Amino acid sequence: MFSLQKKIALVTGAGSGIGAAIAETFARAGAFVFVTDCDEKSGSETTDRLKAQKGQAEFLALDVTSEEHCRRVAKTVFDSQGRMDVLVNNAGIGHVGTMMQTSGADLDRLYAVNVRGVFNVTKAFLADMLKRKSGNIINLASIGGVVGVRDRVAYCTTKFAVAGLTKSMALDHAQDGIRVNCICPGRVETPFVAARLKEYPDPEQARREMSSTQAVGRMGRPEEIAAAALYLASDESAFVTGTEFIIDGGFSAGK
Ligand SMILES: NC(=O)c1ccc[n+]([C@@H]2O[C@H](COP(=O)([O-])OP(=O)(O)OC[C@H]3O[C@@H](n4cnc5c(N)ncnc54)[C@H](O)[C@@H]3O)[C@@H](O)[C@H]2O)c1
């Protein structure tokens, strides 16, 4: 078991799915976890669950699309814990559509959360990490940030951007004691995927098809992604930076 004892972590979009599983895994590994989400109800529920398991956690409402909100949350974190060790940029939204089925407004909406959101949150914490010469940033990209995925023009555009941001930041700050990695999951059973399935005319058939695109024939579980986040957050991964950690049940391995 990798330990996060004495580490302070913050997870965005931790009210649901992968973010909730990462927050839970981190708390179990001993971290103090700031659970953040723009949805106060689900974020508070995750926090209550962590506390019920004797984890150290605090909920902070955070909409990652607002630079000002991110700065305020960072100040609250610094005032109460003095620093940030592990930042997980997990909040993200999806969309199904080819170019002809995607509006400019769709692209802007996805970009605001998936790319600008990562930028805003990171910016709010980076200056302090640079001052302390220590920091660990984990971004949730996607397998759709490594290979093209049909019917996902806007989504893939944003997730390739997250992978690019990750790699350039990793190079810029490798000498500053700051590691930056991204995780690229294949399809994982979360409310996010449930929402995408509803966008298809036949959700059950779409579900079967989505499962079969993984070589292992099923979708992933949030805990399987959280395990990778735990490794990247731990000191055991000290030599890992700038990587795209693919966890996709063989989705991208080939036909
Ligand atoms: N589920 C998958 O198959 C899958 C695959 C690859 C990558 N991902 C990525 O993993 C991340 C988490 O996905 P998930 O499946 O757990 O999604 P989810 O929909 O279950 O949870 C996302 C959470 O983000 C929050 N959120 C949305 N907009 C926000 C905003 N503006 N500010 C703060 N919080 C916001 C939501 O309230 C929600 O709690 C996303 O970045 C997603 O793109 C998911």
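Procedures and definitions
Residues numbered from 1 in each chain as written. Predicted model: local features only at pLDDT ≥ 70, side-chain atom pairs only at ≥ 80, totals over all residues. Core = buried A, V, L, I, M, F, W, Y, C linked by C-beta atoms within 7 Å. Buried ≥ 20, exposed ≤ 12 C-beta atoms within 10 Å, placed from the backbone. Helix = DSSP H or I, 4+ residues; strand = E, 2+ residues; numbered from the N terminus. Contact = placed C-beta atoms within 7 Å. Axes fitted to C-alpha atoms, helices over the stretch in contact; angles between N-to-C directions. Parallel < 35°, antiparallel > 145°, perpendicular 65-115°, else oblique. Left-handed = near helix turned anticlockwise from the far one by under 90°. Near = placed C-beta within 6 Å. Nonpolar A, V, L, I, M, F, W, Y, C, P; charged D, E, K, R; others polar. Right-handed = clockwise from strand over helix to strand, strands pointing away. Pairing = 2+ DSSP bridges. Expected span 1.5 Å × (residues − 1).

### Thoughts on the nonpolar core
By size, the foremost hydrophobic cluster in this structure holds 72 residues, and its most contacted members are Ala9, Ile22, Ala23, Phe26, Ala31, Val33 and Ala229. Broken down by element, the residue count for this core peaks at eight residues, all from helix 6 (residues 153-173). Sequence-distant contacts of Ala229, defined by excluding residues within four places in its chain, comprise Ile22, Thr25, Val88, Ile138 and Ile183.

### Some details on the packing of helix 1 (residues 17-28) against helix 2 (residues 40-52)
Running from N to C, helix 1 and helix 2 cross one another at 25°; their axes reach a closest spacing of 10 Å. Considering the angle they form, helix 1 stands roughly parallel to helix 2. In this structure, helix 1 crosses over helix 2, and the sense of that crossing is right-handed. Between helix 1 and helix 2, the residues in contact are Ala20, Ala23, Glu24 and Ala27 and Thr46, Arg49 and Leu50, respectively.

### Here's the deal with the site of the ligand
The full set close to the ligand counts 30 residues, and Gly13, Gly17, Gly92, Thr190 and Phe192 are the nearest of them. Put simply, the parts of the chain that give the shell around the ligand at least two residues each are helix 1 and helix 7 (191-198). Tallied by class, the residues present in the shell around the ligand amount to 13 nonpolar, 13 polar and four charged.

### As for the pairing of strand 2 (residues 32-37)
Most of strand 2 sits out of view: six of its six residues are buried. Once the chain exits strand 1 (residues 8-11) it traverses helix 1 before rejoining the sheet at strand 2, and the crossover so formed is right-handed. Pairing of strand 2 with strand 3 (residues 56-61) involves six bridges; the strand directions are parallel. Considered in strand 3, the bridge of Asp37 is made with Ala61. Where the polypeptide runs from strand 2 across helix 2 and back to strand 3, its parallel neighbour, the crossover connection is right-handed.

### Observations regarding the environment of Ser3
Residue position: Ser3 is located in the segment before strand 1. The exposure class of Ser3 is partly exposed, given the 14 C-beta atoms found within 10 Å. Along the sequence, Ser3 and Ser234 sit 231 residues apart, while their C-alpha atoms lie 6.4 Å from each other. Dropping the residues within four chain positions of it, Ser3 is found in contact with Ala29, Gly30 and Ser234.

### A closer look at the pairing of strand 1
Of the two faces of strand 1, the one holding Ile8 and Leu10 and the one holding Ala9 and Val11 are both buried throughout. Pairing of strand 1 with strand 4 (residues 86-89) involves three bridges; the strand directions are parallel. The residue of strand 4 that forms the bridge with Ala9 is Val86.

### Some remarks on the sheet that holds strand 7 (residues 244-247)
Strand order in the open sheet formed by seven strands is 3-2-1-4-5-6-7, with parallel pairing between adjacent strands. Either end of the sheet is taken by a strand with one partner, and the two such strands are strand 3 and strand 7. Pairwise comparison of adjacent strand axes, ignoring direction, gives a mean angle of 20° for this sheet. Relative to strand 6 (residues 178-185), strand 5 (residues 135-140) runs parallel, the two being bridged by six bridges. Bridged to Asn139 within strand 6 is Cys182.

### Notes on helix 9 (residues 222-233)
Compared with an ideal rise of 1.5 Å per residue, which puts twelve residues at 16 Å, helix 9 spans 16 Å between its outermost C-alpha atoms and is within 8% of the ideal. Among the residues of helix 9, those classed as buried are Pro222, Ile225, Ala226, Ala228, Ala229, Leu230, Leu232 and Ala233. In this structure, the buried side of helix 9 is in contact with strand 1, helix 1, strand 4, strand 5, strand 6 and strand 7.

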